[in-house]
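Listed below are the residues making up each chain.
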Amino acid sequence: MGLWELFVIAVGLSMDAFAVAVCKGLSVEKVRPKHLLCVGLWFGGFQALMPLIGYLLGSGFQSLVEQVDHWIAFVLLALIGGNMVRESRGEAEEVDASFAPGAMLALAVATSIDALAVGVTFAFLQVDILPAVCFIGCITFVLSCVGLQVGNVFGARYKSRAELAGGLVLILMGVKILLEHLGVIAF
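Residues numbered from 1 in each chain as written. Predicted model: local features only at pLDDT ≥ 70, side-chain atom pairs only at ≥ 80, totals over all residues. Heavy atoms only, no water.

### Some words on the overall build of the protein
Right, on to step 1. When its secondary structure is counted, the protein shows 6 helices and 0 strands.
Right, on to step 2. Along the chain direction, N to C, the helices and strands of the protein fall in the order α-α-α-α-α-α.
Right, on to step 3. Burial analysis of the protein (187 residues in total) assigns 43% to the buried set.
Right, on to step 4. Intrachain contacts of the protein at a sequence separation of at least 6 include 93% that bridge at least 24 residues.
Right, on to step 5. Just so you have it, the protein exposes about 9,800 Å², and 68% of that area is on carbon and sulfur atoms. (Helix = DSSP H or I, 4+ residues; strand = E, 2+ residues; numbered from the N terminus. Buried < 20%, exposed > 50% of the residue type's maximum accessible area, 1.4 Å probe, protein only. Contact = heavy atoms within 4.5 Å. Areas by Shrake-Rupley, 256 points an atom, 1.4 Å probe, with all protein chains shown as cover.)

Below you can see the structure in the form of C-alpha cells.
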C-alpha cells in the first residue's frame, strides 16, 4: 500500500472525528490549546490504536467485528447526539464542553470503530502497521484540531441552533453507518 492510498484512508477514517470535533467546538466559548490537545490526542490516539488492534486480531475475528461495529457506532452516536439535541432545547446555561475522560472516551470509540475493521484488512495487505497507524493518528489529530476551531467560530453566533444541528449530525452519522452496514444505502 502506497502513501497516497494510506493518506486517503487516513482522511476517510478521520472524517467522523472531524465532524464530532466541529460539534465539540460549537459548545466551547473559547478554544484553548488544552482543548486542541485533548481532542487531537483522544481522536488521533484512538484512530491509531483501533487499526493496530484490528491488525493484531487479524482474520479470526473479522466477521465478529463487521457484524457489530455499526451497531456500536450507531448507539454511541445516537446517545451523544440525542443528548446534544435535548440540551439545545433547554434553557441557556453555562456551556460545559465536557472534555472529561468519560465523555472523550465515548466519542473517541464511536468515531474510531470503523478503523478497527480497517486494521483487520491491513492484516491481509502488505502494510507496515506501525508507520501506518502513526500516520492515521497524525492526520486525525490535525483534522480534529481544525474541526474544533471551525465549530467554535460557527458556534459563537448560533450556539443553540448549532448545538441542535451538531446533535442531529451525530445522530445522522450513526444512522448512516448503520444503514451502510445493513446494505440499505451505499456511499
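Right, picking up where we left off after that structure.
### What about helix α2 (residues 33-57)?
Right, on to step 1. Compared with an ideal rise of 1.5 Å per residue, which puts 25 residues at 36 Å, α2 spans 35 Å between its outermost C-alpha atoms and is within 8% of the ideal.
Right, on to step 2. Along α2, the residues that are buried comprise His35, Cys38, Val39, Gly40, Phe43, Gly44, Phe46, Gln47, Ala48, Met50, Pro51 and Gly54. (Expected span 1.5 Å × (residues − 1).)

### Observations concerning the confidence of the model for the protein
Right, on to step 1. Model confidence for the protein is summarised by a mean pLDDT of 80, while 78% of its residues fall at 70 or above.
Right, on to step 2. Here helix α3 (residues 62-89) stands out as the element of the protein with the lowest mean pLDDT, 70, in contrast to α2, whose mean of 94 is the highest. (pLDDT = per-residue confidence, 0-100.)

### Focus on the packing of helix α1 (residues 3-26) against α2
Right, on to step 1. Interhelical geometry of α1 versus α2 gives an angle of 155 degrees and a closest axis separation of 10 Å. In this view, α1 runs roughly antiparallel relative to α2, as classed from their interaxial angle. Between α1 and α2 the crossing geometry is right-handed. Only Val39, Phe43 and Gln47 of α2 make contact with α1, whose side of the interface consists of Leu13, Ala17, Val20 and Ala21.
Right, on to step 2. For the contact of α1 with α2, a count of residues per class yields 6 nonpolar, 1 polar and no charged. (Axes fitted to C-alpha atoms, helices over the stretch in contact; angles between N-to-C directions. Parallel < 35°, antiparallel > 145°, perpendicular 65-115°, else oblique. Left-handed = near helix turned anticlockwise from the far one by under 90°. Nonpolar A, V, L, I, M, F, W, Y, C, P; charged D, E, K, R; others polar.)

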